[in-house]
Amino acid sequence: MSCGRSPDQSGPVAFATVTAAPSEALPSGLEEETSRVGRELAAALPSRARHPMRALDEKAMELSSRDGELRAALFRFVDVTPACRSLDDLASHLTALVEEVPKRSSSLDAAMRMADTRAGRLALGAAAASGVRHMAHRFIVGESPAEALGVIGGLWRTGVGTSVDLLGEATVTAAEADRYAKRCSEALRVLSEAHAHWPRQERLEADSTGPLPRANLSVKVSALTPLLRPDAPGVGRDDAARRLRPLLLEARDLGAHLHIDMESLDSLETTFELVFELLEEPELRAGPSVGLVLQAYLRDSPAHLERILGFARASSARPPLQVRLVKGAYWDHEVVEARQHGWSPPVFEVKADSDRNFEALTRRLLDARPAVRVAVASHNLRSVAHAIAYSRLRGAPDSDLELQVLRGLGDDLQEALATRGLRVRSYCPVGDLVAGMAYLVRRLLENTSNESFLQEQASGADLDRLLAPP
Ligand SMILES: Cc1cc2nc3c(=O)[nH]c(=O)nc-3n(C[C@H](O)[C@H](O)[C@H](O)COP(=O)(O)OP(=O)(O)OC[C@H]3O[C@@H](n4cnc5c(N)ncnc54)[C@H](O)[C@@H]3O)c2cc1C
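This one's a predicted model, so the numbers in the text were calculated from it and none came from an experiment.

Let's shift gears to the site of the ligand. If you check the shell around the ligand, you find 30 residues, and the closest are M262, G328, S354, S378 and F453. At 2.7 Å from a nitrogen atom of the ligand is found a side-chain nitrogen or oxygen belonging to S354. At a threshold of 2 Å from the grid points, most atoms of the ligand map onto the largest pocket. Put simply, the parts of the chain that give the shell around the ligand at least two residues each are β6 (289–295), β7 (321–326), α15 (351–367) and β9 (402–406). Looking at the shell around the ligand residue by residue, the classes come out as 14 nonpolar, eight polar and eight charged.

What follows is the structure, given as structure tokens:
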């Protein structure tokens, strides 16, 4: 089955528009139940007053999203921060970037005047550095798995599971890929050891297909090999397999879950082939628990889902494959790349199409249980409420649906879901600030985009609008 673009397709590619199947019969009462669940969750969102720092961050994000030039300058600043050697250095970068903003607010102008003296520059640099560090700590839970255990254990005790993501983008050498694999192995050990001592949390321990692993690690194929190339998927796949195989064996022995993240479309074929082939190896047929990601913004995602389900149904021995449904984090990249080549983008270009497809895929995934375990990963109240409502209308217990959020972006929703007794997992990046910069910039861009649900919610859109069908 074809997925994505084959290397020899150099001309424009016509994609069929695939949204919800027109013939699909929706259960009666789905809209009413979605709205009811959405309102219940909205009422359970924590009050801003209890999280003043978070409210402050959101104010800063809202300001920067309103001013495109300032937003661009701030993103460039976040980018250069890791390369700065001193606070002086940091301040001069900040002033140089802000100087490019044509219309500045009075507070920005005052800050610029401070930068005229060395003492002023030091003070400004310290404030800027601490701002960036504060923002990064909202998204990144610790510099190492051991250091992150405080946050991860705290979440566990409030009934929230985690999946740890070791930051470190763009592996360009074999030594870097080896180092990443070694860090993954260490994380599996540290997390399994710590989880073994934590108290039982009923809703995180099992669903109707069996026990759920406590320790959970997300890995990226692009970090496991420097040889990922869409024109030679076999080379990257074999090189990544050399490092992923021992990690899967270790996860099996420790009883941990390993989730393979999905990145841009040019690595999708390699990722699918890698996972399907490794899981067919005799020593991996009975475990560990493994997960894949399905990206609803891809027009071909319904075919990707059929491919995943075909694999999952044919291999009943191991714990069911978990499918994390997301919309997709590489939208700008996919659109720009396709346009550069004169292709039509492989992603939907209207946000509502991605949202509708997300709901159609949610229903198909939930109907495919118990062949797969389903994790719906979104901060969009409507998308999440729709998944919970559909699952309930199908007669499934809430324990057969996992909801996932990103640390720092989905904290409020996570709290609302956990207080309503639902199973929620927070995706927690771990790593140093330098490695975390690319991650941080992506999350900031996502959070301040005009198309983002969180941005619409933060700007005060009313609940009826937020919960309306896409
Ligand atoms: C736990 C977790 C794990 C994740 N893991 C991955 C992963 O492995 N791989 C990955 O790619 N992403 C991953 N993501 C990110 C995810 O894909 C989304 O980027 C993010 O969750 C925002 O989507 P939303 O439903 O929360 O918000 P919404 O605001 O409802 O949706 C935003 C999304 O809509 C889509 N979109 C935006 N503009 C348009 C447009 N003009 N036309 C069509 N579609 C548009 C984009 O996908 C964008 O991210 C993960 C998210 C979570 C919560």
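After presenting the structure, the write-up continues.
We now examine helix α12 (residues 268–279). Taking 1.5 Å per residue as the helical rise, α12 with its twelve residues ought to reach 16 Å, and the 17 Å between its terminal C-alpha atoms agrees with that figure. Buried residues dominate α12, accounting for ten of its twelve residues. Among all positions in α12, only L268, E269, T270, T271, F272, L274, V275, F276, L278 and L279 are buried. If you follow the buried residues of α12, they end up packed against α10 (221–224), α11 (233–254), β5 (257–260), β6, α13 (301–314) and β7.

In space, the eight strands of this closed barrel follow the order β1-β4-β5-β6-β7-β8-β9-β10, with parallel pairing throughout. Shown here is a sheet whose adjacent strand axes are inclined to one another by a mean of 30 degrees, direction ignored. Each of β1 (160–166) and β10 (423–430) is contacted by helix α7 (residues 145–157), which is oriented at about 160 degrees to β1, the strand it contacts most. Sitting on the sheet, α12 is in contact with β5, β6 and β7, with an inclination near 155 degrees to β6.

Calculation criteria
Residues numbered from 1 in each chain as written. Predicted model: local features only at pLDDT ≥ 70, side-chain atom pairs only at ≥ 80, totals over all residues. Heavy atoms only, no water. Near = heavy atom within 4 Å. Polar contact = N/O pair within 3.5 Å; in protein donor to acceptor, adjacent residues only side chain to side chain. 1 Å grid on protein atoms, 1.4 Å probe; cavity = no way out; pocket = protein on both sides within 12 Å on 5 of 7 lines; lining within 4 Å. Sits in = over half its atoms within 2 Å of the grid points. Helix = DSSP H or I, 4+ residues; strand = E, 2+ residues; numbered from the N terminus. Nonpolar A, V, L, I, M, F, W, Y, C, P; charged D, E, K, R; others polar. Expected span 1.5 Å × (residues − 1). Buried < 20%, exposed > 50% of the residue type's maximum accessible area, 1.4 Å probe, protein only. Contact = heavy atoms within 4.5 Å. Pairing = 2+ DSSP bridges. Axes fitted to C-alpha atoms, helices over the stretch in contact; angles between N-to-C directions.

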